[in-house]
Amino acid sequence: MAHAQEHKSHTKLIWKVFIILSIVTIVEVALGIVKPDALYLSKFLGTSPLNIIFIVLTIVKAYYITWFFMHMADEKKNLRRAVVWTAVFLICYLAVLVLLEGAYINDVLGPLTKWDY
Amino acid sequence: MEATIATKANGTSWGGGNNKPLGASYGKMMMWFFILSDALTFSGFLAAYGLMRFKFIDSWPIADEVFTHFPFLHGVHAPMYYVALMTFVLIFSSVTMVLAVDAGHQMKKKKVSFYMLLTIIGGLIFLGSQAWEWKNFIKGSYGAVQLNDGKIIQFVDASGHQITLESFAAPSHSERVQHTKDKGIWFKKEAALPPVSLTQVMEGFKANTDITIRTEQIDLSTRQKTIIPREKAMAYLNNSKAVVKGANLKVNEYGKTLFADFFFFITGFHGFHVFSGVLINIIIFFNVLIGTYQRRGHYEMVEKVGLYWHFVDLVWVFVFTFFYLI
């Protein structure tokens, strides 16, 4: 069965993924240029809603690239989890620790920075 | 359970059965684990960037003001467009790569080589674009003044738009020549003369009463750099140290030098990945041409190099978000 699958062309799926990636990128760029005040200047989860949108869209893009361009969808569950779960866990762990530390340094250092002369 | 019990000895020292827990060839599995470790390396760099960004959350350069160039559009304020173009080039070369892999599954040598060629061309275009982006960043756009404590002061007109140093600096009186090895100290030289001297900037500022300065500090309610009223501006300029044009690892006219350091390091590291990806693609391309994989009976090498190539694209997606969008 696996053999029969190998001979089938996936060109249609590839172009579909390309279109999805392009649309997501265009949305990102458009938002990045327009920067609607409602999304850009308000606060949500410690940053602006616009930044959250960007990060979510980026993860969507990463999903499509990994699953359909790198064929992660066709790999065995074991390999998929060994790679994806490790990366997701370690990156989240690192990002949370390091960003919290950065915010803390800003809390301490910010008031000491001189801005008027 | 079965894997832990030797069911068949069949003459070899290990009888682990034939389970293939990961169901991938050694090469492909190792490519995946290499990609995993490389992804962690990149996330380490990006997290470090995030740390510094959070540390200086109220004075970090605004990317929209830094990357505003587009080929053949001189002086047009075009943020994002160029980098969006670069992103599309890379996504498209990813598509041609995956088409090559797909053609490889069907053992179509001609198609594989054609798509590999397109992928290589896409990679080269991306590298060229990145070089152009670096050139613009290094050359700078407006120029600024650095204070003794390292802060960057930029000049704005009455409407708050940034202006170049050359547009208001007083004409030069002294004839300052470029420091080359045959003039002055023999082991020192400078790459280029600064466009204007600090004295010229100061005199020009005094003469043009409608311009003022802005600091790196970001007003958090508008997310714009703070403009200092003209009456207070001289107090800042009296502390100035040097004229800064463009960006490098030591100074950055757009603000924090760290921004330039991270930009050069992370996009440079990514660019190096693209470069090595292009090289590997070229090697595989020639292997395809001479029929190595046709004779081997499968195009798994194309698949493996494809994995690497897609990973490079994947990293760019994140670099794009964190450097240009957020």
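Since the model is a prediction, treat every value here as computed from it, not as a measurement.

S.K.: It is not clear to me how the interface of chain A and chain B should be interpreted in this structure. Could you clarify?
M.R.: Taken together, the 48 residues of chain A in the interface contact 49 residues of chain B. Breaking the side of chain A that touches chain B down by element, the ones donating at least two residues are helix H1 (2-7), helix H2 (11-34), helix H4 (49-69) and helix H5 (77-109) of chain A.

S.K.: I tried to follow the pairing of strand E3 (residues 212-219) of chain B on my own but got confused; where do I start?
M.R.: Looking along a regular strand, one sees side chains alternate from face to face of the sheet. Residues and elements named next belong to chain B. As paired elements, strand E2 (residues 152-156) and E3 share three bridges and run antiparallel to each other. Within E3, the residue paired with Gln154 across the bridge is Arg214. For E3 and strand E4 (residues 224-228), the ladder comprises four bridges, and the chain directions are antiparallel. Bridged to Ile213 within E4 is Ile228. Linking two consecutive strands that pair antiparallel, namely E3 and E4, is a turn of four residues; a positive phi of about 55° is found at Arg223 within it.

S.K.: Mind showing me how you'd approach the nonpolar core here?
M.R.: Across soluble globular proteins, nonpolar side chains show a tendency to be buried alongside one another. All names here are of chain B. With 74 residues, the main nonpolar core has Ala100, Val112, Met116 and Val302 as its most contacted residues. A per-element tally of this core places helix H9 (residues 300-325) first, with 16 residues. Once residues lying within four places of it in the same chain are set aside, the contact partners of Met116 are Ala100, Asn281, Ile284, Phe285 and Val288. By size, the runner-up hydrophobic cluster in this structure holds 14 residues, among which are Ile153, Phe155, Val201 and Val244.

S.K.: Mind showing me how you'd approach the domain arrangement of chain B here?
M.R.: When the parts come together, some accessible area is lost, and that loss is often what is quoted as the size of the interface. Looking at the assigned domains, one finds that chain B contains domain 1 (41-140 + 259-325) and domain 2 (144-171 + 193-245). The C-alpha-based centres of domain 1 of chain B and domain 2 of chain B are spaced at 36 Å.

S.K.: Hey, could you run me through unusual backbone geometry in this one?
M.R.: Generally, phi is negative for residues other than glycine and the peptide bonds are trans, each holding for most cases. A positive phi angle, near 45°, is found at A:Lys35, a position not held by glycine. Within the secondary structure, A:Lys35 is located in the loop between H2 and helix H3 (37-40). Backbone geometry places B:Arg223, a non-glycine residue, at a positive phi of 55°. Structurally, B:Arg223 can be placed in the loop between E3 and E4. Given 13 C-beta atoms within 10 Å, B:Arg223 falls into the partly exposed group.

S.K.: What's the story with the confidence of the model for chain A in this structure? I'm lost.
M.R.: Low pLDDT marks regions whose predicted coordinates should not be analysed in detail. In the predicted model, chain A carries a mean pLDDT of 89, and 94% of its residues have values of at least 70. Throughout residues 1-6 of chain A the model reports pLDDT below 50, and contacts reaching past four residues in sequence, or to other chains, amount to one contact.

S.K.: Whenever I open this one, helix H7 (residues 257-289) of chain B confuses me. Can you help?
M.R.: An α-helical turn contains 3.6 residues, so a residue and the one three or four places further along point in the same direction. All names here are of chain B. The end-to-end C-alpha distance of H7 is 47 Å, a good match for the 48 Å that 33 residues give at a rise of 1.5 Å each. Buried within H7 are the following residues: Phe259, Ala260, Phe262, Phe263, Ile266, Val274, Gly277, Val278, Asn281, Ile284, Phe285 and Val288. In the stretch just after H7, Gly291 is the one whose phi turns positive, near 85°.

S.K.: Honestly, the environment of A:Val96 in this entry has me stumped. Any pointers?
M.R.: Of note, A:Val96 is situated in helix H5. Taking the number of C-beta atoms within 10 Å as the measure of exposure, A:Val96 has 11 and is therefore exposed.

S.K.: Would you mind showing me how to read the environment of B:Arg214 here?
M.R.: All names here are of chain B. Topologically, Arg214 is positioned in strand E3. Under the C-beta neighbour-count criterion, Arg214 is labelled buried, with 20 such atoms within 10 Å. Taking the C-alpha atoms as reference points, Arg214 and Phe275, 61 residues apart in sequence, are found 39 Å from one another. With residues near it in sequence (within four places) discarded, Arg214 still touches Gln154, Val156, Lys225, Thr226, Ile227 and Ile228.

S.K.: For this particular structure, what's the right way to read the packing of H2(A) against H4(A)?
M.R.: Helix-helix packing is characterised by the crossing angle of the two axes and by the distance between the axes. All names here are of chain A. Taken N-terminus to C-terminus, the directions of H2 and H4 make an angle of 165°; their axes are 10 Å apart at the nearest point. With respect to each other, H2 and H4 are oriented roughly antiparallel. You can see that H2 and H4 cross each other, and the crossing is left-handed. Across the interface between the two elements, Leu13, Val17, Ile20, Leu21, Val24, Val27, Glu28 and Leu31 from H2 touch Leu50, Ile53, Phe54, Leu57, Val60, Lys61, Tyr64, Phe68 and Phe69 from H4. Across the contact of H2 with H4, the residue classes tally to 15 nonpolar, no polar and two charged.

Calculation notes
- Residues numbered from 1 in each chain as written.
- Chains lettered and ligands numbered in written order.
- Predicted model: local features only at pLDDT ≥ 70, side-chain atom pairs only at ≥ 80, totals over all residues.
- Contact = placed C-beta atoms within 7 Å.
- Helix = DSSP H or I, 4+ residues; strand = E, 2+ residues; numbered from the N terminus.
- Pairing = 2+ DSSP bridges.
- Core = buried A, V, L, I, M, F, W, Y, C linked by C-beta atoms within 7 Å.
- Buried ≥ 20, exposed ≤ 12 C-beta atoms within 10 Å, placed from the backbone.
- Domains from an automatic or database assignment.
- pLDDT = per-residue confidence, 0-100.
- Expected span 1.5 Å × (residues − 1).
- Axes fitted to C-alpha atoms, helices over the stretch in contact; angles between N-to-C directions.
- Parallel < 35°, antiparallel > 145°, perpendicular 65-115°, else oblique.
- Left-handed = near helix turned anticlockwise from the far one by under 90°.
- Nonpolar A, V, L, I, M, F, W, Y, C, P; charged D, E, K, R; others polar.

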